[in-house]
Amino acid sequence: MFRHNLPARPVRVFAPSRLAAGVVVTLALLSAACDSSSSPSPTSPISSQSFSLVPTGPSFDVSAALPAGFSLLTAANFAALGGTGVTCTSPIPALPAATISGGDVGSPGTAPTLVTGFPGYTPGALPCSLAAPGTIQLGATRAFGDFVTAYNALRNIPIPTDAAHLLTGDLGGKTLSPGTYYISGTVLLTSQLTLSGPANSTWIFKTASDLTPIGGSVVMSGGGQACNVFWQVGTLASFNRTKFLGNVLAGTAITFTGVGSSLVGRALATTDVTMTGASITACATNGGNGGGNGGGIGGGGKGHKGGKGYKGGQGDKGGQGDKGGQGDKGGQGDKGGQGDKGKP
């Protein structure tokens, strides 16, 4: 278990009267102070500690400016990153194999059992495939630390105060312009959510509780980019038969179940990422986390290093030829008859 050198600092604060008061959600994440001196360094080991999410904050411009200097840094290289592991399972009845493309899969731990269901890490049936240039990355403590820092940066963005950016319940059927949104209660998505805006726009969604889409989808319009969408989820993100878009940063776990579940973006979780018959297509790591009003610095991580090719197996040894049988033995020639006897 990793141990961070900062103590946990549980806090309970009541919201001002214009917001729902006393909403406190406990997450298993690193406690981060407001100044930069308390942020974990990229190479610091990270531990699971508790803090309290308090949905308060002053009024601010809701045009979705990312925090100054915001970046996923090395976490941007990952399609799936789980603090306690990444698991691919085989459903019953069987579903198409889960696939991950365009990004790494990993965990800050080093035990091979933390990543299961992928070639080279699980014997027997392989319910998951990992396409190049993605690789399995164990001991990814720096990437996990960068994820926690980014999560806290999004968590600390003030909550909007205008009704248009305060949402609740089912997001299906809505069309949302770029901006920062706060969603109270458990978030549902049972039909299509449209995010409409130009290519450099940013959407930030902050939730205090679970994100649980069932049978829904998220689509972009107007040139908006899925990789400029950020979901800071207070606790669990659970996708069931849902086609989802964006960078999902979860306070606990992320799960994918059901036929056709997919994500274009990144699945970054404090605990585990579990996939059953789903697919993740990672965001390209060539920058582009900026955008919006002011934007942030690009979030592109370092490009992936190509994996080493497999060594060909040794050819089968030829069997020994059959031994020839012994030839048949020739039969004995016929004995000549006796000649006729002469007359006297």
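Throughout, a residue's number is its position along its own chain's written sequence, starting from 1. Local features are withheld for residues below a pLDDT of 70 in this predicted model, meaning they are given only at 70 or higher, and side-chain atom pairs are given and counted only at 80 or more; totals for whole chains, interfaces and linings count all residues. The side-chain quantities take in all heavy atoms of the structure and omit both hydrogens and water.

*Asks:* Which parts of the structure should I look at to understand helix 1 (residues 141–155)?
*Replies:* Each α-helix winds once per 3.6 residues, and so residues spaced three or four apart point in a common direction. Each helix corresponds to a stretch of at least 4 residues labelled H or I by DSSP, and each strand to a stretch of at least 2 residues labelled E; elements are numbered beginning at the N terminus. Expected span of a helix: the number of residues minus one, times 1.5 Å. Its 15 residues give helix 1 an end-to-end C-alpha distance of 21 Å, which sits within 8% of 21 Å, the value for a rise of 1.5 Å per residue. Judged by how many residues are buried, helix 1 sits mostly within the fold: 11 of 15 residues are covered. Note on exposure labels: buried denotes an accessible area under 20% of the residue type's maximum, exposed denotes more than 50%, and partly exposed covers the range between, all computed with a 1.4 Å probe on protein chains only. Of all the positions in helix 1, only Ala143, Phe144, Gly145, Asp146, Phe147, Val148, Ala150, Tyr151, Asn152, Leu154 and Arg155 are classed as buried.

*Asks:* It is not clear to me how the confidence of the model for the protein should be interpreted in this structure. Could you clarify?
*Replies:* A low pLDDT means the predicted coordinates there should not be read in detail. For every residue, the predictor assigns a confidence score, pLDDT, that lies between 0 and 100. The predicted model of the protein averages 74 in pLDDT, with 60% of residues at 70 or higher. Counted against residues more than four places away or in other chains, residues 1–61, with its pLDDT under 50, gives 126 contacts. Low pLDDT (under 50) marks residues 286–316, which in the prediction has 63 contacts with non-local residues, meaning those over four places away or in another chain. Whether two residues are in contact is decided by their heavy atoms: any pair within 4.5 Å suffices.

*Asks:* It is not clear to me how the state of the cysteines should be interpreted in this structure. Could you clarify?
*Replies:* What makes a disulfide is a covalent bond joining the sulfur atoms belonging to two cysteines. Our working definition of a disulfide is a cysteine sulfur pair at a distance within 2.5 Å. Counting across every chain of the model gives 2 disulfides. What pairs with cysteine 88 in a disulfide is cysteine 128, and their sulfur atoms sit 1.6 Å apart. Every disulfide takes its handedness from the sign of the S-S torsion; for cysteine 88 and cysteine 128 that torsion is -90°, giving left-handed. In this pair, cysteine 88 is assigned in strand 4 (residues 85–89) and cysteine 128 in strand 8 (residues 128–130), connecting sequence segments 40 residues apart. By relative accessible area, which is 3% here, cysteine 128 ends up buried. Covalent S-S linkage joins cysteine 227 and cysteine 283, the inter-sulfur distance amounting to 2.0 Å. Taking the sign of the S-S torsion, about -105° here, the bridge from cysteine 227 to cysteine 283 comes out left-handed. Here cysteine 227, found in the loop between strand 16 (217–221) and strand 17 (229–233), pairs with cysteine 283, found in the segment after strand 23 (279–282); they are 56 residues apart in sequence, far enough to count as distant. Along the protein, the cysteines engaged in disulfide bonds are linked according to the scheme 1-2, 3-4 when indexed in sequence order.

*Asks:* What should I look at first to understand the packing of aromatic side chains in this one?
*Replies:* The description of an aromatic ring pair rests on the distance of the ring centres and on the angle between the ring planes. Geometry of aromatic contacts follows a simple scheme: Phe, Tyr and Trp rings, the Trp one being its six-membered ring, pair when their centres are within 6.5 Å, and the pair is stacked under 30 degrees between planes, edge-to-face over 60, tilted otherwise. As enumerated under the stated definition, the model contains 8 aromatic pairs in all. Aromatic pair phenylalanine 205 and tryptophan 231: ring centres 4.1 Å apart, planes at 10°, arrangement stacked. Remark: tryptophan 231 occurs in strand 17 and phenylalanine 205 occurs in strand 14 (residues 203–207); sequence separation between them is 26 residues. Across the pair, tryptophan 231 and phenylalanine 205 agree in class, each one buried.

*Asks:* How do you make sense of the pairing of strand 14 when you look at a structure like this?
*Replies:* Within a regular beta strand, the side chains point alternately toward one face of the sheet and then the other, so they alternate between its two faces. For strand 14, a buried count of 5 out of 5 residues is recorded, marking the element as mostly surrounded by other parts of the structure. Burial along strand 14 is two-sided: Trp203, Phe205 and Thr207 and Ile204 and Lys206, pointing in opposite directions, are all buried. As defined by bridge partners, strand 12 (residues 179–189) adjoins strand 14 across 5 bridges and the pair is classed as parallel. Along strand 14, the bridge assignment pairs isoleucine 183 with threonine 207. As paired elements, strand 14 and strand 17 share 4 bridges and run parallel to each other. In the strand pairing of strand 17, lysine 206 is matched with glutamine 232. One bridge is not enough; two strands pair if DSSP finds at least two bridges between them.

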